[in-house]
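Commentary on secondary and tertiary structure
Each chain is listed here by its residues.
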Amino acid sequence: MSTVESRRRPLVGAGVNRVDGPRKVTGTAPYPMDFSVPGQAYGALVQSTIAAGRIVRMHTEAAERAPGVIGVLTHENAPRVGTGPMTVLGASPPAPLRDDRILHHGQHIAFVVADTPEQASAAARLVQADYEAAEPLSDLRDPRAEQLVDPWGMDTSRGDTGAALESADVTLRATYTTADNTNNPLGLFATLAAWEGDTLTVHDTSQWPSMVRTSLATAFGIPESSVRVLVPYVGGGFGAGLRAWPHVILTAMAARVLKRPVKLVLTRPQMFTSVGHRPSGVQWLRIGARRDGELVALDHRSLTSLSMEDSDYEPFAAATAFAYRCPNVITRDRQARINIAVPTSMRAPAEAQGNFALESALDELACLLGTDPLELRLRNHTDVDPRNGLPWSGKALLECYEVGARRFGWYERNPEPRSMRDGDWLIGYGMAGALFPHFAQPCAAQATVRGDGSALVRSAATDIGTGTYTVMAQLAAEELGLPLDRVRFDLGDSDMPNAPMAGGSGLTGALGNAVHDACRRLVRSFAELASADAASPLRDVCPDDVECSGGSIHPAGRADRGESYVDVLARHGLSELTANGNSAPPAGGELGMSLAGAYGAKFVEVRVDADLGLIRVARVVSVIDGGRILNEKTARSQIIGGTVGGIGMALFEDTVTDPRTGRIANGTFGDYLIAVNADVPDLDVVFVGEPDRGTPTGTKGVGEVGLVGIAPAIANAVHHATGKRIRNLPITLDTLL
């Protein structure tokens, strides 16, 4: 189907209920920790109690004698395995138990396997290690920390930023810091590994089964066809499931050594050190503008935390290069290696942090200019990509601003700080623009129509709660002309057609386009059979000129001259017909446009207790350009979830590390603060815009853009309420007293 044809479809898809909802609410949806196999044993991790140094000696004798213990693996007896592959998100984490070095507090130093989980945990507490400790590097600004300059080759420079800053009418220089946040999905990560000869089957908590398959095959030196990774349901991920973590390799290693299936479920404290976290960072911005508010220079630089031996893709400053119209721009990103657990993507990686700095700085600039913050953004809006001058494939940011300002009542406020009050509460309004760049990877899908007229569509993707099961079934039903209840979408199995990660707001587009292609090919296969069949009413009808509806195919505009899938299959003696489809990211330059991600405008009202400094978020309006929305209900849920995460990032979340020991001091839900129901007001979500012109389905991802912009909008609202400009996240009451 052409792009033009796809744009004739309704912008907003039916807000149908999740097709997997009944299984989830009845407790029958199998999550990774729910799986068991006959004869399985249970694993427990032993973690380092220092952050830097080396192991002098491991003491495992007491654990090996403990009841039910089958084996204890350490660097002294574990088989060597290969390091996983390079991925689009960076290198795989270091292989486990490879030597005596300690690179962070909580590093896995032993793996205990026993007959029951209780026996494994009890024995793990008996394992001791003698260390030769070293002083850990814990501050990313420590001059001793190795720095990686432009690690992704994404630094940009256009114009003469230095000269433009010197000649600007108004300049702003500011430093912003963002904290280390931890993903903390509700479902604890779990792995179950079972070998049959050289064939490995793994149930794992993953957002990317195909990558886990490749990583395990690489680690153990076996063909990918010998590995099967199963992930039908995931209890949340937020980016933590985008890597094959060392504990996954360890579980498979133990199962192979002990010749017995092994299951591991991480504890909540282990989640803080085993499956990634949002890296902390410092950002320096310099902005120059004319008196009328036109931007003339942007200089955005960042330094972010990185573990000692790993890579993590977090270009904080990169999006500043194309967020606004500005002739002179520099973006620079660096990373500093310190003794911390491996960072990873966390919802809206890089953009959450970079947008906080940029949108806070624009608010500060508006104050210096005496200009309305929204008007400043409108004045510097760009309909073309500033990097190449090409128009965007879809950008309704101006409509986001307009609709959001109207629904929120932006222009009804008194713009002076500390001017709005309700008793003891200071009232503040803040806003921010938001974007999350286009991201997509190649994807494959398979579509089948069976003899009973039902359809099965498959791909090795995952549904991390975003609604993939549902929206892909909707899309396939539309393409095949079938009722939704006659279409089943299966996922979460690496033996299915290869799929990319559920992350980066890229899966809906990549998978949707692959499903679109598979279904179109399948319809064409039916049309070709019918066209060559003298007994068919579609005899000699060109396969390019058919449509499908009600379980039948017919000439375009002639629903009365068609026949059902069931009849075509029966007359040809077929039980089913199958077609494979693929998608690949289009090259924007070849399309004559730059591929756009999702955009949004966020408006927030906060209330701050004038005496106590308590902050309450009273209202949030999010207006989103997400291209063609396949399911308004699930898309709205994504924006709500992202907004809650943004509130947490702004006001609560901070993974605190003791600088002396490198130990995380608040690694439990009792100590790590997250936004709860009482912290979240009613959230207003609106979708605007048109289907994106860059892809056949017209979709954009909305998983990340819901979080982007919330933190700066809250910070800007706090400034309006109190007159205090907070440049460090999270914003806590002590900073306002």
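Residues numbered from 1 in each chain as written. Predicted model: local features only at pLDDT ≥ 70, side-chain atom pairs only at ≥ 80, totals over all residues. Heavy atoms only, no water.

Let's talk about the overall build of the protein chain
This is how it is decided: Segments assigned H or I by DSSP are reported as helices when at least four residues long, segments assigned E as strands when at least two residues long, and all are numbered from the N terminus. C-alpha atoms define the radius of gyration, and 2.2 Å times the number of residues to the power 0.38 defines the globule rule. Only protein chains enter the accessibility calculation, which uses a 1.4 Å probe; a residue is then buried when its area is under 20% of its type maximum, exposed when over 50%, and partly exposed in between. When checking whether two residues touch, look at their non-hydrogen atoms; a contact exists if any pair is within 4.5 Å. Using a 1.4 Å probe, accessible areas were evaluated by the Shrake-Rupley method; residue-level cover was limited to the displayed protein chains. A positive count includes Lys and Arg, and a negative count includes Asp and Glu. His and the chain ends are not counted in either. A single reference atom marks each charge: NZ on Lys, CZ on Arg, CG on Asp, CD on Glu.
Looking only at helices and strands, the protein chain features 18 helices and 28 strands. At 27 Å, the protein chain has a C-alpha radius of gyration in line with the 27 Å of a compact globule built from 737 residues. Each principal axis of the C-alpha distribution contributes one length, and for the protein chain these read about 80 × 75 × 50 Å. Here the protein chain, with 737 residues, has 61% of them falling under the buried criterion. Taking the contacts inside the protein chain whose residues are at least 6 apart along the sequence as the reference set, 81% of them involve residues at least 24 apart. On the protein chain, roughly 27300 Å² of surface is accessible, and the fraction owed to carbon and sulfur atoms is 50%. Computing the positive centroid from 69 side-chain charges and the negative centroid from 84, the protein chain places the two 0 Å apart.

Notes on the sheet that holds strand S1 (residues 41–47)
Rule in force here: Here, a strand pair is defined by DSSP locating no fewer than two bridges between the strands. Here an angle of 0 to 180 degrees is reported between the N-to-C directions of two axes, which are lines fitted to C-alpha atoms, with helices fitted over the stretch in contact.
Read from one edge to the other, the open sheet built from seven strands follows the order S3-S5-S1-S13-S10-S11-S12, with strand pairing classed as mixed. The open sheet has two edge strands, strand S3 (69–74) and strand S12 (227–230), and neither has a second partner. Taking the axes of each pair of neighbouring strands and ignoring which way they run, one obtains an average angle of 20 degrees across the sheet. Bridging between strand S11 (residues 199–204) and S12 involves four bridges; their strand directions are parallel. Opposite Thr 201, over in S12, you have Arg 228 as the bridge partner. Contacts from helix H4 (residues 117–124) reach S1, S3 and strand S5 (108–114) within the one sheet, and its direction differs from that of S1 by about 25 degrees. Each of strand S10 (190–196), S11 and S12 is contacted by helix H6 (residues 209–220), which is oriented at about 145 degrees to S12, the strand it contacts most.

Observations concerning the pattern of salt bridges
We count it as follows: When a carboxyl oxygen of Asp or Glu lies within 4 Å of a side-chain nitrogen of Lys or Arg, that pair is called a salt bridge.
All chains considered together, the criterion is met by 40 salt bridges. For Glu 605, the salt bridge is made with Arg 607, and the minimal N-O distance between the two is 3.3 Å. Of the residues examined, Glu 605 reaches a relative accessible area of 7% and is grouped as buried. The closest approach of N and O atoms between Arg 660 and Asp 658, which form a salt bridge, is 3.0 Å. By relative accessible area, which is 65% here, Arg 660 ends up exposed.

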